[in-house]
Amino acid sequence: MDAQNRGRAEEIDPADQWVLNPDTGHYELRLDQSAGQSPSVVPPRRASSRTQTRERTANPRREVPGQRSRRAGNGSRSAGASRDAAAGGPGQAGRRKRKAKKSGKKKALLWTGGVMGFVLVGVSVGAYLVYDRLNGNINSVDVGDAAKGGTDGPMNILIIGTDKRTGKGNEGYGDRENTTGHADTTFLFHVSGDRTNATALSIPRDLKIDIPDCPTKQPDGSEKIIPGKAYTKFNESFGVAGRDPGCTMRTVTEITGLPIHHFMMADFNAVKTLTSAIDGVDVCLTEPIKDDKYSKLDLPEGDHTLEGEEALAFLRNRHGLGNESDLDRIKMQQQFIASMIRKMKEETLGNPKRMLALADAATKALTVNKEIGDIPKLKGLAEELGSINLKNISFMTVPVIDNPAETVKATVVVDPVKAPQVFTALQNDVSFSDVKKKEKAAKSKQAALLKGPRAEASDVRVDVYNGSETSGAAQKTLNWLQVQKGVLKSTNKSNAPEKIAKTTLEYAPNQADQARKLADLMGLPASALKKGTEDAGEMQAIVLTLGADFKGEGVPISGPVKAPEVDGKVQADKKICAK
């Protein structure tokens, strides 16, 4: 029995699996007809819905969803939309009132609205993830310490769209060697520590970067180090030389300085099944797209609803665009995913049939790291992310410039001026949306670490490590602290075990007053403070490790208070027509 039929009687239309709970006034999904439930509570099926279901099953030559666009105003509707209209939502007629436990499922639906595209797809099914029948759909990969796991602070999730060709109709796309695919469309989804806002940062597939060495789990449980590669395209961070999603995660950390806590990965088939599950995604064009040779798209100016094959062609297309570039395609993808979010938020949540189809399609389509590789963990992630307001989700692209080493401009490199500003803002959890800064700071647990009493400088006991690129930084800082700031109980511990991007200050709960004082002296942001769980002994020192952000003794290491201006930023709640 396949995943769609597990846990329910055969030939029951998904819309008929929902019954009204008279005690709550909410519809509830009944997956197991035999689990002590009387058949008398099953609502009568409408003949039109059942007849159409049988016709669809018996007619293998029916039209494939998505192989056409539906123009606004032409009165056409998809077969799926017509079936919904014919079948209707679960009605009350014929249902017998019965007692039932109070349900939290409608609340679970509300947990899940308003998160970016594939993240939304991956975690918005929280209302359904309590059902075992979806658990077997999820694929997970052990990427070792590349996945940092859950966090109470800012969270970074890497969304990887691969160009894997497997699946009917995908032969003309992407990876022609029929491997695991490459990192074709990648978003770094940064969620703020207080869960009020999020930033989706697109990483161009043709960005020239250095891929680091990557420890990779093998099928027999052993670990193999996949050698890195200098100055190559970003899309080679996955699927080349045996690199797994963990290699892409490590590469993104190298680029941005941000730890990656989880990943979600989907291939071409995911785009087709997910867009069909929500009956299409609305897009608008200020100029027509005509690409007879590659994507076969022929879309006039105006509004369109795309699903299935046509949605995939839209996301993959670049030859029909002005510059035929990957950067132009990224803009289209961002606008498409923003529209997808709005569709799910406004029309899918609360529609039982669409939600069930979305849940089944999403769990089948996604591969995730093992830390979120089962239903309860994925549901927990949904609860954390689902409350973010659409207006506080920003889409942007890593700032890049044309590769100066190329005569014919085919690739890009990180903008040496603008990109570090964006990375620093994200490292310091600065919002790119219009979240009120005072409200954000009040809710931030991290900012609260700087509130409280300060010790005297002479009472601060600190060990200083150099994890920066500056030779002698620990000794210079030690001299400055002792001579100019009166921190006499300070010690130079030489080089840190490894280089780090951001300066950190580790301390025990009973050393908080010392940590606050040293943070004041050094000009450390709240994000640098790392509070332990156990009290320290009387002679134990707090630990200051200087990172790549160290600019010199006495120079404040403070994060930005305002995000930099970024070209092409898109807000998820805004309808913006693609150009």
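Here is what the cut-offs are and how they apply
- Residues numbered from 1 in each chain as written.
- Predicted model: local features only at pLDDT ≥ 70, side-chain atom pairs only at ≥ 80, totals over all residues.
- Heavy atoms only, no water.
- 1 Å grid on protein atoms, 1.4 Å probe; cavity = no way out; pocket = protein on both sides within 12 Å on 5 of 7 lines; lining within 4 Å.
- Points joined across faces, edges and corners; volume = space filled by probe spheres on them.
- Helix = DSSP H or I, 4+ residues; strand = E, 2+ residues; numbered from the N terminus.
- Nonpolar A, V, L, I, M, F, W, Y, C, P; charged D, E, K, R; others polar.
- Pairing = 2+ DSSP bridges.
- Axes fitted to C-alpha atoms, helices over the stretch in contact; angles between N-to-C directions.
- Contact = heavy atoms within 4.5 Å.

Undergrad: Help me understand empty space enclosed by the protein, please; the structure alone is not making it clear to me.
TA: Any empty space left between the atoms is revealed when a probe the size of a water molecule rolls over them. In total, this model carries three cavities of 30 Å³ or more according to the counting rule given. Taken as a whole, the second largest cavity encloses approximately 70 Å³ of empty space. Elements that contribute at least two residues to the lining of the second largest cavity include exactly strand 6 (183-191), strand 7 (198-203) and helix 8 (326-348). Of the residues belonging to the lining of the second largest cavity, the class tally is four nonpolar, four polar and four charged.

Undergrad: Hey, could you run me through the sheet that holds strand 25 (residues 542-546) in this one?
TA: Through backbone hydrogen bonds, the strands of a sheet pair up, either in parallel or in antiparallel fashion. What the five strands build is an open sheet, ordered 22-21-25-23-24; its pairing is mixed. Two strands close off the open sheet at either side, each with one partner strand: strand 22 (489-495) and strand 24 (529-531). Taken pair by pair, the neighbouring strands of this sheet meet at an average axis angle of 20 degrees, ignoring direction. Sheet contacts for helix 14 (residues 473-484): strand 21 (461-466), strand 22 and strand 25; angle to strand 22, the most-contacted strand, approximately 170 degrees. Against the sheet, helix 15 (residues 512-522) contacts strand 21, strand 23 (504-507), strand 24 and strand 25, and its axis sits at roughly 30 degrees relative to strand 25.

Undergrad: Hey, could you run me through the sheet that holds strand 17 (residues 367-369) in this one?
TA: As summarised here, the arrangement of the eight strands in space is 4-17-12-5-6-7-18-26, forming an open sheet in which the pairing is mixed. The outermost strands of the open sheet, each flanked by one partner alone, are strand 4 (139-141) and strand 26 (570-571). As judged from the three bridges shared by strand 4 and strand 17, these two strands associate in the parallel manner. Note on strand 17: the bridge partner recorded for S140 is V368.

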